[in-house]
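Okay, here's what each chain looks like letter by letter:
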Amino acid sequence: MSSVKNKMLIQSLMKLPIFAGLSAAQTQQIVALCALQTFKPGDVMCKLGSISEDMHILIAGELGVMSPDDICLATLHPVTTVGEMGLMTHQRRSAQVEVFQASKALVVPRAPFEKLLDADSGLKLQFYQNIIGILSGKIVNDNVRLRDHLLGRLKLERSIQELRNKFDLSLDMLEEL
């Protein structure tokens, strides 16, 4: 990779929440661990339930986060990370990520990444702070979505009750005729 392209990549990655607060040198150390991988439409980048052995940094293409019943829950575009939570928590993949458009991703393998974190306590601290921030944001977003869902459900239940009341009133009026 040319020096100019490498510098542009580092600058782009430093804008991602997971790389926030890291120096260019620290980000470069992570990129040095990466392998570039290409994916074709229909490929599965992360299989639901599989062991999380790596994190992907999507740099080109389009991905879909799929539910177990094959519903697209989210569409992912560059530049973004995939699998960072499993990489940190050692949990199995919580979603299936499928390739919608030909894609390229940098793959960060777990073992060398953990060695890098162990060797640089500042990097480790910042990275974990970033993970906590990302998780906090996801919890807040999930709470907002849940609240909106419950408010929508309550509104529908009220509408149904109003319609039942109108229906009952209509039946009473018909009986009086």
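A closer look at the overall build of the protein chain
Then comes step 1: Helix and strand counts for the protein chain come out as five helices and six strands.
Then comes step 2: In the protein chain, the succession of α and β elements from N to C terminus is α-α-β-β-β-β-β-α-β-α-α.
Then comes step 3: Its C-alpha atoms give the protein chain a radius of gyration of 23 Å, clearly above 16 Å, the size a compact globule of 177 residues would have.
Then comes step 4: Here the protein chain holds 177 residues, and 33% of them are scored as buried.

Considering the side chain of E98
Then comes step 1: With respect to the helices and strands, the residue E98 is situated in strand β6 (residues 96-109).
Then comes step 2: It turns out E98 is buried and unbridged, and the closest side chain with the opposite charge, K47, is 8.6 Å from it.
Then comes step 3: Only 3.2 Å separates the side chain of E98 from the side chain of Q96, close enough to count as a polar contact.
Then comes step 4: The contacts of E98, once residues within four sequence positions are left out, are D43, V44, E62, L63, G64, M66 and D70.

Re unusual backbone geometry
Then comes step 1: Residue V79 follows P78 across a cis peptide bond; omega there is -10°.
Then comes step 2: In this structure, D70 is a non-glycine residue whose phi angle is positive, near 65°.
Then comes step 3: With respect to the helices and strands, the residue D70 is situated in the loop between β3 (54-66) and β4 (72-76).
Then comes step 4: Positive phi is not limited to glycine here, since H90 has a value of about 65°.
Then comes step 5: For H90, the location among the structural elements is in the loop between α3 (84-89) and β6.
Then comes step 6: Among the residues examined, H90 registers a relative accessible area of 48% and is labelled partly exposed.

Here's the deal with a nonpolar patch on the surface
Then comes step 1: Together, F167, L171, L174 and L177 give the surface a local cluster of nonpolar side chains, amounting to about 480 Å² of exposed area.
Then comes step 2: Tracing the sequence through the fold places L174 in helix α5 (residues 121-176).
Then comes step 3: Under the relative-accessibility criterion, L174 is labelled exposed at 59%.

Here's the deal with the pattern of salt bridges
Any two side chains of opposite charge can pair, so long as their charged atoms come close to each other.
Then comes step 1: One pass over the structure, following the stated rule, counts seven salt bridges.
Then comes step 2: Residue E53 is joined to R110 by a salt bridge in which the shortest nitrogen-to-oxygen separation is 3.7 Å. Pair noted here: E53 is in the loop between β2 (44-46) and β3 and R110 is in helix α4 (residues 110-119), with a separation of 57 residues, a long-range link.
Then comes step 3: Note on R110: relative accessible area 7%, which makes it buried.
Then comes step 4: Residue R145 pairs with D142 through a salt bridge whose shortest N-O separation is 2.2 Å. Linking R145 with D142, this pair stays in helix α5, spanning three residues, or about one helical turn.
Then comes step 5: A single network of salt bridges, built from pairs that share partners, joins E53, R110 and E114.

Thoughts on the packing of α4 against α5
Then comes step 1: The contact between α4 and α5 brings their axes to 5 Å, and the two run at 115°. Here α4 lies roughly perpendicular to α5, going by the angle between them. Within the contact between the two elements, α4 uses F113, L116, L117, D118 and A119 and α5 uses S121, L123, K124 and F127.
Then comes step 2: Split by residue class, the contact of α4 with α5 holds six nonpolar, one polar and two charged.

Parameters and conventions
- Residues numbered from 1 in each chain as written.
- Predicted model: local features only at pLDDT ≥ 70, side-chain atom pairs only at ≥ 80, totals over all residues.
- Heavy atoms only, no water.
- Helix = DSSP H or I, 4+ residues; strand = E, 2+ residues; numbered from the N terminus.
- Rg over C-alpha atoms; globule rule 2.2 N^0.38 Å.
- Buried < 20%, exposed > 50% of the residue type's maximum accessible area, 1.4 Å probe, protein only.
- Lys, Arg positive; Asp, Glu negative; His and termini not counted.
- Salt bridge = Lys/Arg side-chain N within 4 Å of Asp/Glu carboxyl O.
- Polar contact = N/O pair within 3.5 Å; in protein donor to acceptor, adjacent residues only side chain to side chain.
- Contact = heavy atoms within 4.5 Å.
- Patch = residues over 30% accessible without salt bridge, like charges linked within 9 Å, V, L, I, M, F, W, Y side chains within 5 Å.
- Areas by Shrake-Rupley, 256 points an atom, 1.4 Å probe, with all protein chains shown as cover.
- Axes fitted to C-alpha atoms, helices over the stretch in contact; angles between N-to-C directions.
- Parallel < 35°, antiparallel > 145°, perpendicular 65-115°, else oblique.
- Nonpolar A, V, L, I, M, F, W, Y, C, P; charged D, E, K, R; others polar.

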